[in-house]
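Take a look at the letters that make up each chain.
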Amino acid sequence: MTLGDSHSLYSFAGVAEAKIYWRGPVTMHRAARDGIASLLPKNCRPKAGDVLILSLGEIDSRVHVPRIARLNARSSLEEAEALLGRFEVALKHFRAKCPATVALASLVPFNPAYLEYDGYENAEACRADTKAVRDRMNARMASMGVPFVDFHDGYANADGSIQPRFSDNNVHIDPRHSEPVLAALRETFGREFTSRQPPWPPDSLAEKPYQSPWKRFRRAVRAKVKAWLGIKPTPARTSPVTQRENPQQ
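All of the points below concern the structure found in this document. Source: prediction; values computed, not measured. (Residues numbered from 1 in each chain as written. Predicted model: local features only at pLDDT ≥ 70, side-chain atom pairs only at ≥ 80, totals over all residues. Heavy atoms only, no water.)

Brief notes about the side chain of Thr130
Part 1 of the reasoning: One can find Thr130 in helix H5 (residues 123-142).
Part 2 of the reasoning: Engagement of the side chain of Thr130 in a polar contact is seen with the backbone oxygen of Cys126, the distance being 2.9 Å.
Part 3 of the reasoning: Setting aside chain neighbours within four positions, we find Thr130 in contact with Phe110 and Leu115. (Helix = DSSP H or I, 4+ residues; strand = E, 2+ residues; numbered from the N terminus. Polar contact = N/O pair within 3.5 Å; in protein donor to acceptor, adjacent residues only side chain to side chain. Contact = heavy atoms within 4.5 Å.)

Focus on the sheet that holds strand S2 (residues 20-22)
Part 1 of the reasoning: Pairing is parallel across the open sheet formed by five strands, whose spatial order is S2-S1-S3-S4-S5. In this open sheet, the two edge strands, each paired with only one partner strand, are S2 and strand S5 (148-149).
Part 2 of the reasoning: Relative to strand S4 (residues 101-105), strand S3 (residues 51-55) is paired through four bridges, and the arrangement is parallel. What sits directly across from Ile53, in S4, is Ala103.
Part 3 of the reasoning: The strands that helix H4 (residues 76-97) touches are S3 and S4; relative to S4, the one it contacts most, it runs at about 155 degrees. (Pairing = 2+ DSSP bridges. Axes fitted to C-alpha atoms, helices over the stretch in contact; angles between N-to-C directions.)

Some words on the environment of Val181
Part 1 of the reasoning: One can find Val181 in helix H6 (residues 179-189).
Part 2 of the reasoning: For the pair Val181 and Phe12, spaced 169 residues apart in the sequence, the C-alpha separation amounts to 7.3 Å.
Part 3 of the reasoning: Apart from residues lying up to four places away in sequence, Val181 is in contact with Ser11, Phe12, Val15, Phe151, Tyr155 and Ile173.

Some points on the environment of Lys19
Part 1 of the reasoning: Secondary-structure assignment places Lys19 in the loop between helix H1 (7-10) and S2.
Part 2 of the reasoning: Taking the relative accessible area as the measure of exposure, Lys19 reaches 39% and is therefore partly exposed.
Part 3 of the reasoning: With residues near it in sequence (within four places) discarded, Lys19 still touches Met1, Thr2 and Glu207. (Buried < 20%, exposed > 50% of the residue type's maximum accessible area, 1.4 Å probe, protein only.)

Some thoughts on unusual backbone geometry
Part 1 of the reasoning: Here Trp200 and Pro201 are connected by a cis peptide whose omega angle stands at -5 degrees.
Part 2 of the reasoning: Turning to its location among the elements, Pro201 is positioned in the loop between H6 and helix H7 (213-229).
Part 3 of the reasoning: In this model, Ala73 sits at a positive phi of 55 degrees, which is unusual for a non-glycine residue.
Part 4 of the reasoning: The topology assignment puts Ala73 in the loop between helix H3 (58-71) and H4.
Part 5 of the reasoning: The phi dihedral of Asn169 is positive, around 65 degrees, even though this residue is not glycine.

Remember, this is a structural readout, not a statement about activity or role.
Rendered as structure tokens:
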């Protein structure tokens, strides 16, 4: 299972075994504040023998950590450490109650086109700070005592940015190039995983929102009544998350 922001979808859409619970533009800050259990939808019920991979922190590293650091008059690395400390406490609390193996996914390389350059002396300083924050967050998550699925280097340039051929032209890796992810999964868990060619965009691979049995029953009855009356069904709505993890959110 993968759970978290849109990287829980894009990073793992090319893995056939992945059951994906995409929770919108959720942040590591929220997970630390409200608890990781608060992110689980009712249809995500990890059990013993399952692996639950959390994808959190990319939005924080790119947008919120530098902004909050300036407000707190401290460096981005200091702010990142404070966030990671809070998250590690939440992770330990969640692991104590979760029967599945809980793992963390690495932060992906950054796309320079989606950085927040305001507040920096120049673009180079912004990119260097972003790389430093992501490197620190990945290193700290790797030391939190849970499996760490690290595929960052398989997609990164030397400056920490994403290689354009592996980018979805947004803030994600393109899941049609999943070999680094598959290799990291094999190395982390010591078993084989299967590649799949995801649809594009891969949104349909995410698990549908939870519906109670009573609501499913009412919807089925309503559909039958409309069919009997000759009323055409309304088109299905698209994903409510259209801008994913852009700074405006």
